[in-house]
Amino acid sequence: FDNQEIDIEVYAPGDGVITGLQHMFRSYLSGPDNELIEWADFRLVIDHGCDLESIYIHIDRLSDKVAAQAPDRGDYSSVSISVEAGEVIGWYSQNVDYNLVDQNVVLAGLLVADHYELEPWKIHVPHTLDYFADEIRQQIAVKSLRTAEPIGGKFDHDIDGRLIGNWFQEGTNGYAGLEQSSYWIGHLSVSPNYLDPSHFIVSIGDFDGEPKQFGVRGNVP
């Protein structure tokens, strides 16, 4: 996270076609001097066929082939760009998000699908590492801070009739929230810690005006 150069390669994880490109852009004033901060990067979707897709977010720079069809800042484009497994499709400096979507999988632990209409793919995210070849899966697992299974983590914890899982305040539009800049207001999660699932965390989107997380002493109410 200390890296300052946009020099970490992003690879296509499998053969497929890039079908969507979004040039994400945001600007805001920060600090006592109201310094203008601008932030821009890319989101892209690779269709691998058989209802399987890869989604990358926060790619700082695209490869020439992909950049040639990139939209303007703040815009989205439907495209058709063929890529091969292992092909460099871009670069990032500090952080990039990756997830797999399998439309044949429906997460049992997100009980109310309507809560996730803004990002409907969320209910179709499987255990991502299960889809990689053994050699690559082992390399990823070694780098993971999480050692509990599933190594790739788990975010669907809802159980009908139990406190555990995700909650959304009535009238706040589910996961999407009322404002994109503060969509987490109205969110509540009572879930296992993402690294140590034996320890429970309560995460509140608006606790005295700011998001807060709390450990649960003894892991019981």
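These figures come from a predicted structure and were not determined experimentally.

Enquirer: Quick rundown of the overall build of the protein chain? Include the residues and the values.
Expert: Within the protein chain, the regular secondary structure consists of two helices and 12 strands. In the protein chain, the succession of α and β elements from N to C terminus is β-β-β-β-β-α-β-β-β-α-β-β-β-β. In terms of overall size, the protein chain behaves like a compact globule, its C-alpha atoms giving a radius of gyration of 19 Å where 221 residues would be expected to give roughly 17 Å. Expressed as lengths along the three principal axes of its C-alpha atoms, the size of the protein chain is roughly 55 × 50 × 35 Å.

Enquirer: Requested: an account of the layout of surface pockets, with residues and values cited.
Expert: Within this model, the second largest pocket holds a volume of roughly 230 Å³. If you go around the second largest pocket, the residues you meet are Arg162, Leu163, Ile164, Val190, Phe200, Val202, Val216, Asn219, Val220 and Pro221. Across the lining of the second largest pocket, the residue classes tally to eight nonpolar, one polar and one charged.

Enquirer: Which residues make up the nonpolar core, and what values go with them?
Expert: Membership of the largest hydrophobic core comes to 16 residues, with the highest contact counts inside it found for Ile18, Leu21, Leu44, Ile46 and Ile89. Counting only elements with at least two residues in this core, the list comes to β2 (16–30), β3 (35–49), β4 (52–59), β6 (76–83) and β7 (88–92). Not counting chain neighbours up to four residues away, the residues in contact with Ile18 comprise Leu44, Val45, Ile46, Val66, Val79, Ser80, Ile81 and Val83. Counting seven residues, the second largest nonpolar core, distinct from the first, contains Val45, Ile55, Ile57 and Trp121.

Enquirer: Quick one: what's the story with the sheet that holds strand β12 (residues 210–215), residue by residue and with numbers?
Expert: The antiparallel open sheet is built from four strands, whose spatial order is β9-β10-β11-β12. Looking at which strands have only one partner, the edges of the open sheet turn out to be β9 (165–168) and β12. The sheet shows a mean angle of 10° between the axes of neighbouring strands, taken without regard to direction. Note that strand β11 (residues 200–207) and β12 share five bridges and pair antiparallel. Bridging across to β12, Ile204 finds its partner in Lys212.

Enquirer: Please provide a residue-by-residue account of the pattern of salt bridges, values included.
Expert: Under the counting rule described, the total for this entry stands at five salt bridges. Here Glu119 makes a salt bridge to Lys122, at a shortest N to O gap of 2.2 Å. Accessibility expressed as a relative area gives 24% for Glu119, which makes it partly exposed. Across the pair Lys212 and Glu210 runs a salt bridge whose closest N-O atoms are separated by 3.8 Å. We classify Glu210 as partly exposed; its relative accessible area is 40%.

Enquirer: Can you explain the sheet that holds β7? Please cite residues and give values.
Expert: Taken in spatial order, the three strands of this open sheet run β1-β7-β5, and their pairing is antiparallel. Only two strands of the sheet have a single partner each, and these edge strands are β1 (8–11) and β5 (61–62). Strand direction decides the pairing type here: β1 and β7, joined by four bridges, are antiparallel. Opposite Ile8, over in β7, you have Tyr92 as the bridge partner.

How each quantity is defined
Residues numbered from 1 in each chain as written. Predicted model: local features only at pLDDT ≥ 70, side-chain atom pairs only at ≥ 80, totals over all residues. Heavy atoms only, no water. Helix = DSSP H or I, 4+ residues; strand = E, 2+ residues; numbered from the N terminus. Rg over C-alpha atoms; globule rule 2.2 N^0.38 Å. 1 Å grid on protein atoms, 1.4 Å probe; cavity = no way out; pocket = protein on both sides within 12 Å on 5 of 7 lines; lining within 4 Å. Points joined across faces, edges and corners; volume = space filled by probe spheres on them. Nonpolar A, V, L, I, M, F, W, Y, C, P; charged D, E, K, R; others polar. Core = buried A, V, L, I, M, F, W, Y, C linked by side-chain atoms within 4.5 Å. Buried < 20%, exposed > 50% of the residue type's maximum accessible area, 1.4 Å probe, protein only. Contact = heavy atoms within 4.5 Å. Pairing = 2+ DSSP bridges. Axes fitted to C-alpha atoms, helices over the stretch in contact; angles between N-to-C directions. Salt bridge = Lys/Arg side-chain N within 4 Å of Asp/Glu carboxyl O.

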